[in-house]
Amino acid sequence: MADVPKREVENVEFVFEVMGSPNEGIDAVDLGDALRALNLNPTLALIEKMGGTKKRNEKKIKLDEFLPIYSQVKKEKEQGCYEDFIECLKLYDKEENGQMLLAELQHALLSLGECLDDEQVENLFADCMDPEDDEGMIPYSQFIQRLMSDPVVFD
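First, a word on scope: everything that follows refers to the structure included in this document. Note that the structure is a prediction, hence the values are computed from the model and not measured.

Here we look at the packing of aromatic side chains
Moving on, step 1. According to the stated counting rule, one finds three aromatic pairs in the structure shown.
Moving on, step 2. Aromatic side chains phenylalanine 66 and tyrosine 70 sit 6.4 Å apart centroid to centroid with 25° between the ring planes, which places their arrangement in the stacked category. Residue phenylalanine 66 and its partner tyrosine 70 are both found in helix α4 (residues 63–75); the two are separated by four residues, about one turn of the helix.
Moving on, step 3. For phenylalanine 66, a relative accessible area of 0% gives the class buried.
Moving on, step 4. Judged by centre distance (6.0 Å) and plane angle (75°), the ring pair of phenylalanine 125 and phenylalanine 143 falls under edge-to-face. Of this pair, phenylalanine 125 sits in helix α7 (residues 118–128) while phenylalanine 143 sits in helix α8 (residues 140–149), placing them 18 residues apart in sequence.
Moving on, step 5. Pairwise contacts between aromatic rings join Phe16, Phe66 and Tyr70 into one cluster.

Here it is in structure tokens:
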């Protein structure tokens, strides 16, 4: 079963129980969500490369097929970590006080990298962010902490 420790295999089995079935597998459209539920952060391109699909019911991924995918994605270096995200957002911190304009964060999420749509950004903000202050500022480190600790699933 790939080079996945027993405890991680148990976590994968749990994700399969929640998202699909250990016998039938998960829908390939849910591959990215399953990997994210296991604390990985694959890019959309990597998900597609690993067999993820854009339409539901095109393909199923069984547990024995998923474990090598999980193992390979876990080894990927391009996932980013808390410190990487903080360094990026510091570029928008003009007063160097740990805050940035909510509008700038929204613009970045909508237009840079793997862009999100308006509804995804609204859901993300609702789940991971305190309200902005009177000047439109938010503490970005708290946002990143919540984002990385609470997976947000987009349908």
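Examining the side chain of threonine 53
Moving on, step 1. Along the chain, threonine 53 turns up in the loop between α3 (44–49) and β2 (60–61).
Moving on, step 2. Judged by relative accessible area, which is 19%, threonine 53 ranks as buried.
Moving on, step 3. Within the structure, the side chain of threonine 53 is placed 3.3 Å from the backbone nitrogen of valine 29, a separation counted as a polar contact.
Moving on, step 4. A distance of 3.2 Å separates a polar atom in the side chain of threonine 53 from the backbone oxygen of lysine 55.
Moving on, step 5. Once residues within four sequence positions are removed from consideration, threonine 53 is found in contact with Asp27, Ala28, Val29, Glu58 and Lys59.

Basis of the calculations
Residues numbered from 1 in each chain as written. Predicted model: local features only at pLDDT ≥ 70, side-chain atom pairs only at ≥ 80, totals over all residues. Heavy atoms only, no water. Phe/Tyr/Trp six-rings, centres within 6.5 Å; stacked < 30°, edge-to-face > 60°. Helix = DSSP H or I, 4+ residues; strand = E, 2+ residues; numbered from the N terminus. Buried < 20%, exposed > 50% of the residue type's maximum accessible area, 1.4 Å probe, protein only. Polar contact = N/O pair within 3.5 Å; in protein donor to acceptor, adjacent residues only side chain to side chain. Contact = heavy atoms within 4.5 Å.

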